[in-house]
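# A closer look at the structure
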Amino acid sequence: MLSKHYWATRPNDWESQRDLNPYDAADRNGDWDNDGYTNLEDYLNHLVYIANDPVTGDFDEDYDVDNIDLAILAEHWLEDNCAVVPLGNLDSNCDVDFKDFAIFAYSYSR
Ligand SMILES: [Ca+2]
Ligand SMILES: [Ca+2]
Ligand SMILES: [Ca+2]
Ligand SMILES: [Ca+2]
């Protein structure tokens with residue numbers, strides 16, 4: 001049984017989900033989301049986020065589940081990839097489908 005956040009704990013996935021290169025250490029100094037923090041800083045923030053019992057369905061990691069998270073889920077709808085598990089997957093498989101949406105909707109409504 002995989003943890004509900006297992007996809008979020010693998011650094012290679014974190015990079016690949018953001019169009020970074022897991023095999024290139026130099027891209028740590030880039031800024032994929034233009035938020036002023038380097039990719040390495042973003043990843044460290046991500047680890048802190050995971051350690052703080054994140055909210056299910058909070059894909060953009062801002063500690064609430066809102067329309068932005070829904071848009072991220074929609075963006076990855078029906079993706080199925082165990083090599084790079086898509087954002088939006090919330091159960092223990094590698095796809096984004098109605099089961100994930102059901103989990104998301106429950107979290108969204110709270
Ligand atoms: Ca890299
Ligand atoms: Ca950044
Ligand atoms: Ca969010
Ligand atoms: Ca799934």
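Residues numbered from 1 in each chain as written. Chains lettered and ligands numbered in written order. Predicted model: local features only at pLDDT ≥ 70, side-chain atom pairs only at ≥ 80, totals over all residues.

### A closer look at the overall build of the chain
Across its full length, the chain carries 4 helices and 0 strands. In the chain, the succession of helices and strands from N to C terminus is α-α-α-α. What you see for the chain is a C-alpha radius of gyration of 14 Å, in line with the 13 Å of a compact globule of 110 residues. Projected onto the principal axes, the alpha-carbon positions of the chain cover approximately 40 × 25 × 25 Å. By the burial criterion, 15% of the 110 residues in the chain qualify as buried. Considering only intrachain contacts with a sequence separation of at least 6, the fraction spanning at least 24 residues in the chain is 32%. (Helix = DSSP H or I, 4+ residues; strand = E, 2+ residues; numbered from the N terminus. Rg over C-alpha atoms; globule rule 2.2 N^0.38 Å. Buried ≥ 20, exposed ≤ 12 C-beta atoms within 10 Å, placed from the backbone. Contact = placed C-beta atoms within 7 Å.)

### Side note on the domain arrangement of the chain
Parsing the chain into structural domains produces domain 1 (4-51) and domain 2 (67-108). Between the C-alpha centres of domain 1 and domain 2 there is a distance of 19 Å. Opposite the 5 residues of domain 1 that make contact, domain 2 presents 5 residues. Residue composition of the side of domain 1 that touches domain 2, by class: 1 nonpolar, 2 polar and 2 charged. (Domains from an automatic or database assignment. Nonpolar A, V, L, I, M, F, W, Y, C, P; charged D, E, K, R; others polar.)

### Digging into the nonpolar core
In this structure, Phe59, Leu73, Leu87, Leu90, Val96 and Phe104 together form the largest nonpolar core, which totals 6 residues. The residues contacting Leu87, other than those within four sequence positions of it, are Gln17, Phe59, Ile72 and His76. (Core = buried A, V, L, I, M, F, W, Y, C linked by C-beta atoms within 7 Å.)

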